[in-house]
Amino acid sequence: MKFKSLGTAATAAALFATALTGTVAAAGTAAAAPPKDCSKAIVNVKAKETVKVRTSPKTSATALGIWGKGERGGICNDGKAYKGGSYTACGKKSNMWYYGGDKVNGWVPKTCINW
């Protein structure tokens with residue numbers, strides 16, 4: 001009987017946490033969004049074309065600013081690319097995105113960044 005009450009207590013705690021945060025956490029699962037660690041960045045990276053820097057890795061996301069063609073910026077997370085929404089940009093199709101920018105950090109299409 002003790003195990004049953006512990007299970008009930010764990011369920012209640014999970015429901016309470018969900019109510020506070022609005023999210024459901026599962027033990028041993030990765031975070032929904034990739035880390036935005038800019039302490040490990042590739043710097044002096046140039047944009048092939050002018051691109052919008054977005055709030056999330058999809059073309060419908062809000063633009064935070066632009067990264068101008070030829071402007072130097074940085075790619076966070078040691079230059080790791082992440083899957084996101086599909087796009088055609090800078091002459092190529094892809095669904096891979098970098099997190100970084102020149103003046104403001106956000107999500108940019110991988111196909112438009114030269115490094």
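You'll find the structure just up there.
Every value quoted in this text rests on a predicted model; they were computed, and no experiment measured them.

Asker: Teacher, can you tell me more about the overall build of the chain here?
Answerer: Within the chain one finds one helix and eight strands. Listing each helix as α and each strand as β along the chain from the N terminus yields α-β-β-β-β-β-β-β-β. If you take every contact in the chain between residues at least 6 apart in sequence, the share linking residues at least 24 apart comes to 54%. Element-wise, carbon and sulfur atoms account for 58% of the exposed surface of the chain, whose accessible area totals about 7,600 Å².

Asker: Even after reading the chapter, I still don't get the pattern of salt bridges, so can you show me in this structure?
Answerer: Oppositely charged side chains can pair when the atoms bearing their charge come close. The full count for this structure, using the stated rule, is one salt bridge. Measuring nitrogen to oxygen at the nearest pair gives 3.5 Å for the salt bridge that ties Lys103 to Asp102.

Asker: For this particular structure, what's the right way to read the state of the cysteines?
Answerer: Disulfide: a covalent bond formed between the sulfur atoms of two cysteine residues. Counted by the stated rule, this structure contains two disulfides. Here Cys38 connects covalently by a disulfide to Cys76, the sulfurs 2.0 Å from one another. Here the S-S torsion is close to 85°, and the disulfide linking Cys38 with Cys76 is therefore right-handed. Residue Cys38 is found in the loop between helix H1 (2-21) and strand S1 (42-47), and its partner Cys76 is found in the loop between strand S4 (72-75) and strand S5 (82-89); the two are separated by 38 residues along the sequence. Look at Cys38 and you get partly exposed, because its relative accessible area is 31%. In the chain, the bonded cysteines, numbered by position in the sequence, are linked as 1-2, 3-4.

Asker: Would you mind going over the side chain of Thr111 with me for this structure?
Answerer: Counting through the fold element by element, Thr111 comes out in the loop between strand S7 (106-109) and strand S8 (113-114). When its relative accessible area of 10% is taken as the criterion, Thr111 is described as buried. A distance of 2.9 Å separates a polar side-chain atom of Thr111 from the backbone oxygen of Ala89. Ignoring sequence-local partners within four residues, the contact set of Thr111 consists of Lys48, Tyr87, Ala89, Cys90, Lys92 and Ser94.

Asker: Looking at this structure, I do not really get the packing of aromatic side chains. What am I missing?
Answerer: Two measures describe an aromatic ring pair: the distance that separates the ring centres and the angle between the ring planes. For the structure on display, the rule yields four aromatic pairs. Ring plane angle 90° and centroid distance 6.0 Å describe the contact between Tyr82 and Trp107, whose orientation is recorded as edge-to-face. Taken together, the residues Tyr82 in strand S5 and Trp107 in strand S7 connect sequence positions 25 residues apart. According to the relative accessible area criterion, Trp107 is buried, its value standing at 3%.

Asker: Help me understand the side chain of Ser94, please; the structure alone is not making it clear to me.
Answerer: Looking at the secondary structure, you find Ser94 in strand S6 (residues 92-101). Within the local environment of Ser94, its side chain forms a polar contact with the backbone nitrogen of Met96, the two atoms lying 3.0 Å apart. Ignoring any residue separated from it by four or fewer positions in sequence, one finds Ser94 in contact with Gly85, Ser86, Tyr87 and Thr111.

Asker: How should unusual backbone geometry be read in this particular structure?
Answerer: For residues other than glycine, phi is negative in most cases, and the peptide bonds are mostly trans. Its identity is not glycine, yet Asn77 carries a phi of approximately 60°, on the positive side. As for its position among the elements, Asn77 is in the loop between S4 and S5. A relative accessible area of 9% places Asn77 in the buried class. Unusually for a residue other than glycine, Asp78 sits at a positive phi of about 55°. Here Asp78 lies in the loop between S4 and S5.

The rules behind the values
Residues numbered from 1 in each chain as written. Predicted model: local features only at pLDDT ≥ 70, side-chain atom pairs only at ≥ 80, totals over all residues. Heavy atoms only, no water. Helix = DSSP H or I, 4+ residues; strand = E, 2+ residues; numbered from the N terminus. Contact = heavy atoms within 4.5 Å. Areas by Shrake-Rupley, 256 points an atom, 1.4 Å probe, with all protein chains shown as cover. Salt bridge = Lys/Arg side-chain N within 4 Å of Asp/Glu carboxyl O. Disulfide = S-S within 2.5 Å. Buried < 20%, exposed > 50% of the residue type's maximum accessible area, 1.4 Å probe, protein only. Polar contact = N/O pair within 3.5 Å; in protein donor to acceptor, adjacent residues only side chain to side chain. Phe/Tyr/Trp six-rings, centres within 6.5 Å; stacked < 30°, edge-to-face > 60°.

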